[in-house]
Amino acid sequence: VKRVYAFGKDAEGNNVTEGNKDMKYILGGKGANLAEMAVIGLPVPPGFTITCQTCMEYANADNTWPEGALDEIEQYRLDLERRIGKKIGDSEDPLLVSVRSGAPMSMPGMMDTVLNLGLNDQSINGLIKHTENPRFSWDSYRRFIQMFSNVVMGLDGDLFENAINAKKIVRGVKSDADLTAEDLQELVEEFKNIFSENVSAEEYPALVVDGRVTFPQDPDTQLRLAIEAVFGSWNNPRATLYRKQNKIADDLGTAVNVQTMVFGNKGETSATGVAFTRNPANGEKEFYGDYLVNAQGEDVVAGIRNTSPIAELKHVEGLQEAGAELEEVFVTLENHYRDMCDIEFTIEQGKLWMLQTRVGKRTAAAALHIAIEMVKEGLITKEEAVCRVDPEQLDQLLHPQFDKSAEYDVLARGLNASPGAAVGEAVFSAADAVAAEAEGRKCVLVRWETNPDDLAGMIAAEGILTSHGGKTSHAAVIARGMGAPCVCGVEALKIDAEKKEAVVAGTDVVIREGDMISIDGTTGIVVLGAVELVMPELSGDLDVILEWADEFRRLGVRANADNPADAELSRSFGAEGIGLDRTEHMFLGDRKQIIQTFILNEDEAVREAAVNDLFEAQTGDFYGMFKAMDGLPVIVRLLDPPLHEFLESPRALDVEIAKLEAAGGDAEVIAAKRKLMEQIDGMSEANPMLGLRGCRLGIVYPILPVMQVRAIATATAQLKKEGLDPKPEVMIPLVSTVKELEKLRKVAVDTIAEVAAEAGVELDIPVGTMIELPRAAVTADEIATQADFFSFGTNDLTQTTFGFSRDDVEAEFVPQYLAEKLLPYNPFATIDPGVAKLVKMGVELGREGNPDLVCGVCGEHGGDPDSVKTFHKIGLDYVSCSPYRVPLARLAAAQAAL
Ligand code: PEP
Ligand code: MG
């Protein structure tokens, strides 16, 4: 195997580059792009790249070198010396190199770099002779020892900084720049002593000379140790953590680039800088970046000195030529990569050198703007423009966020359940949230987990924070639907709702009612105190890209919404219908009393009266929904949740009774409460999500589906009479056998026919079902004979396929599963291949049973870009997601089709 690749020119000026930009999995991003720049004739300091695979082999063999690798590196080192006409360690005119990491995916600042390698007690003389600049030379040597000791040997950087500070005090000077060549020469001696005193002889026997550890003088040893350190940095804790957070595979390894040093710190005609070919914040077409005169690269990044804007470079005495050339390079790079690039460069005594380039990171707003501009410039096609924007990134544009320049400490982390940021006083009950809002105070609702009772509080609060529950928990689903920021499953929060406080485990912080807190639902961060928020500005660019996306996508995009306001919002985001109207969300507030009466009362007449009240209310609800979505389909799902969700919790009642008793409350009231508690207790189920819910409710209480379908049909008839075009569809949830559907379909069809006859209006209302149980998916051919459409409820389907409780496992053990790679990702966020297989089977069998079957997805996965791609492949007709995810889904659907 080939382990080393050359880049740059030979002594005669011929290009001898062996790699190119498509080899980033071999040469890393930096190595591949250095090769590419050399190939297209840009000035790249010559060097060579050691492959990522060598890094992994070295790591997997317990940090030992694969056979032949060191020889190959030696060959390329000798070759580089011939190409440059200088030798490493030479005492006349030495070659100095940099040794830099460069992984396939950008991991900024996570791994190691060593500069000025090749300096020793001989070559320092050569450097002085050649540069005629002793101060620069000694400074380079001291930087090298410092960096080598810190990065390669792991010594504490403070040892060296302290020595520099001591020297400054002795000399009575303030800045490093005031130290003389002699001072720096003395520092080099001191640094070598620090090295000897702090590096262990046992660990590095090869460095022992005359019984003492010595700073390595042999350039080959320096180079080998530096490469080993860069390899080793692939697995340092911060790089490992960065990969985990950015979903980068651990087995890619990093390449190592050994490159001729060029110096931006050789006086006033030297400089170094970083730049973007366009503005990465807003996408404007302008040169963007900074440079420093007479400085090395890390000085720019470290921000010690004030940098100057890149546009000024070509006007600076002694740098004009290089500055003008740089602007040409910008154009060359953009035309070549056909994208915005970021670059690092150095000017050494007037000569421009390119040290790095890559496709530049940008904000969502910039991504949109650049993509559109590049289409106008004829650089890329519309299809490419649509693929250039990351759907997930669009979230940045639709929700407020933490101000990028704000400083804060992260108090705790949880799941990033619903994007956007919120700031407010902590409140621990829905009632307190409502009260705070009424008084004009902003609040964040902090709960163990939310339940339908909390809705008013969730609406009143700026954001929602829970210590339990995952990405499909009640809090997460509702918050996304409302577009409210939500961080959930923050296990470190030990909430005492009674005391109205939360202790943060592992800290001595207690969040009390009224304390300001900030949450960022985009990242899952919780902060004590108020972080500055900013609202991203919406531009027309988003609409342009989404309209282009609509030209290319095949999948339809609908929204999950259950009130007219959300329906209208999703319509404005481009939703082509409502894929899921969860009717239980219409049974809150004063409606709850009515359904409770129905559930708890044994008197038939009372129950019927309650159902009548519900009918009136629901007819109004549906009227509003269908009107908001006039001309577009609205899938209304019949009541789904276990009935106890509408009742008080027996535990809470128990507490209430105890309190009443202690306070000597009214005996009759207490008796009534106790009876109620016993009744509710009697209805409790061990596994409510697998109990009396979904279509089973309609079979046990047929009066409910009749009422709901009647309300749907009545609202439809009324709108039709008004000349509108309502398009409702009736959906029956949680079906597992065709018989269930057959029975309930008949109830629906008969009810619709009755209303049509009564109203004298023709009603054509499709009846379909949700596929959210494995049995339904595998018998979809039978079920489809009774269905006009299928909607895959992938939340429940994931829950029942894995046997994972969707309300518990994301906080309980999924994090550990992810850490141990027992799961590649959270299956409640991105569709799991096993669950997707059931969806595919359901679609294929379903279309066998009914060739006209329309198939969609309405679980949370409908708004997840990766899942959207899977659903496109499976051949679904549409996805349905929360209103705020509609734009993402439109874009992801187009990318899936391209
Ligand atoms: C589902 O199960 O995927 C679904 C959409 O229904 P719900 O989340 O309401 O159970
Ligand atoms: Mg469901």
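Residues numbered from 1 in each chain as written. Chains lettered and ligands numbered in written order. Predicted model: local features only at pLDDT ≥ 70, side-chain atom pairs only at ≥ 80, totals over all residues.

## Overview of the overall build of the protein chain
Here is step 1: Along the protein chain, the regular secondary structure elements total 34 helices and 33 strands.
Here is step 2: Its C-alpha atoms give the protein chain principal-axis dimensions of roughly 105 × 65 × 50 Å.
Here is step 3: In the protein chain, which comprises 898 residues, the proportion classed as buried is 50%.
Here is step 4: Across the protein chain, contacts joining residues at least 24 apart in sequence account for 66% of those joining residues at least 6 apart. (Helix = DSSP H or I, 4+ residues; strand = E, 2+ residues; numbered from the N terminus. Buried ≥ 20, exposed ≤ 12 C-beta atoms within 10 Å, placed from the backbone. Contact = placed C-beta atoms within 7 Å.)

## A closer look at the UniProt feature "domain: Pyruvate phosphate dikinase AMP/ATP-binding" (unreviewed entry) in the protein chain
Here is step 1: When the UniProt feature table is mapped onto this chain, "domain: Pyruvate phosphate dikinase AMP/ATP-binding" (unreviewed entry) is found at residues 26–63, 73–307 and 324–377.
Here is step 2: Taken as a whole, residues 26–63 contains 61% helix and 11% strand, while its terminal C-alpha atoms sit 19 Å from one another.
Here is step 3: Across residues 324–377 one finds 50% helix and 31% strand; the C-alpha atoms that close the span lie 22 Å apart. (UniProt positions renumbered as here; feature names shortened; annotations may be inferred.)

## Brief notes about the packing of helix H12 (residues 364–376) against helix H14 (residues 391–398)
Here is step 1: It is the contact of H12 with H14, at a shortest axis distance of 8 Å, that shows an interaxial angle of 115°. It follows from the interaxial angle that H12 and H14 lie roughly perpendicular. Contacts between H12 and H14 pair Ala364, Ala365 and Ala367 from the former with Gln393, Leu394, Gln396 and Leu397 from the latter.
Here is step 2: Of the residues contributing to the contact of H12 with H14, the split by class is five nonpolar, two polar and no charged. (Axes fitted to C-alpha atoms, helices over the stretch in contact; angles between N-to-C directions. Parallel < 35°, antiparallel > 145°, perpendicular 65-115°, else oblique. Nonpolar A, V, L, I, M, F, W, Y, C, P; charged D, E, K, R; others polar.)

## What to know about the sheet that holds strand S11 (residues 341–348)
Here is step 1: Across the sheet, which stays open at both edges, the five strands sit in the order S10-S9-S8-S11-S12 with antiparallel pairing between neighbours. In this open sheet, the two strands that pair with only one neighbour each are strand S10 (308–309) and strand S12 (351–359).
Here is step 2: The sheet contact formed by strand S8 (residues 271–276) and S11 spans six bridges and is antiparallel. Of the residues in S11, the one forming a bridge with Ala271 is Ile347.
Here is step 3: This element, helix H11 (residues 320–337), spans S11 and S12 of the sheet and lies at about 30° to S12. (Pairing = 2+ DSSP bridges.)

## A word on the site of ligand 1
Here is step 1: Around ligand 1, the neighbouring residues are Leu580, Arg582, Asp640, Glu772, Gly793, Thr794, Asn795, Asp796, Cys858 and Gly859.
Here is step 2: Among the elements of the structure, strand S27 (578–582) and helix H29 (794–802) are those that each provide at least two residues to the shell around ligand 1.
Here is step 3: Sorting elements by how many residues they give to the shell around ligand 1 places H29 first, with three residues.
Here is step 4: Its residues placed into classes, the shell around ligand 1 shows two nonpolar, four polar and four charged. (Near = placed C-beta within 6 Å.)

## Observations concerning unusual backbone geometry
For residues that are not glycine, phi is negative in most cases, and the peptide bond is trans in most cases.
Here is step 1: Phi at Asp62 is positive, roughly 60°, even though this residue is not glycine.
Here is step 2: Residue position: Asp62 is located in the loop between helix H2 (52–60) and helix H3 (69–84).
Here is step 3: We classify Asp62 as exposed; it has 6 C-beta atoms within 10 Å.
Here is step 4: If you check the backbone angles, Asn116 has positive phi at about 65° while not being a glycine.
Here is step 5: Among the secondary structure elements, Asn116 is positioned in strand S4 (residues 113–117).

## A closer look at the sheet that holds strand S14 (residues 412–413)
Here is step 1: Across the sheet, which stays open at both edges, the eight strands sit in the order S14-S24-S23-S16-S17-S18-S19-S15 with mixed pairing between neighbours. Two strands lie at the open edges of the sheet, namely S14 and strand S15 (415–418), each paired on one side alone.

## Considerations on the UniProt feature "binding site: substrate" (unreviewed entry) in the protein chain
Here is step 1: The residues that UniProt annotates with the feature "binding site: substrate" (unreviewed entry) are Arg582, Arg637, Glu772, Gly793, Thr794, Asn795 and Asp796.
Here is step 2: When you line up the elements, Gly793 lands in the loop between strand S31 (789–792) and H29.
Here is step 3: The class of Gly793 is buried, set by 27 C-beta atoms lying within 10 Å.
Here is step 4: Summarising the element assignment, Thr794 is placed in helix H29.
Here is step 5: Every residue in contact with Thr794, bar those within four places of it in the chain, is listed here: Ile831, Val835, Val857, Gly859 and His861.

## Description of the pairing of strand S28 (residues 633–637)
Here is step 1: Judged by how many residues are buried, S28 sits mostly within the fold: five of five residues are covered.
Here is step 2: Where burial is concerned, the two faces of S28 agree: the one with Pro633, Ile635 and Arg637 and the one with Val634 and Val636 are both buried.
Here is step 3: Pairing of S27 with S28 involves three bridges; the strand directions are parallel. Looking across to S28, one finds that Asp581 is bridged to Val636.
Here is step 4: Both S28 and strand S29 (residues 727–732) contribute to a ladder of five bridges, which runs parallel. Paired with Pro633 across the strands is Lys727, a residue of S29.

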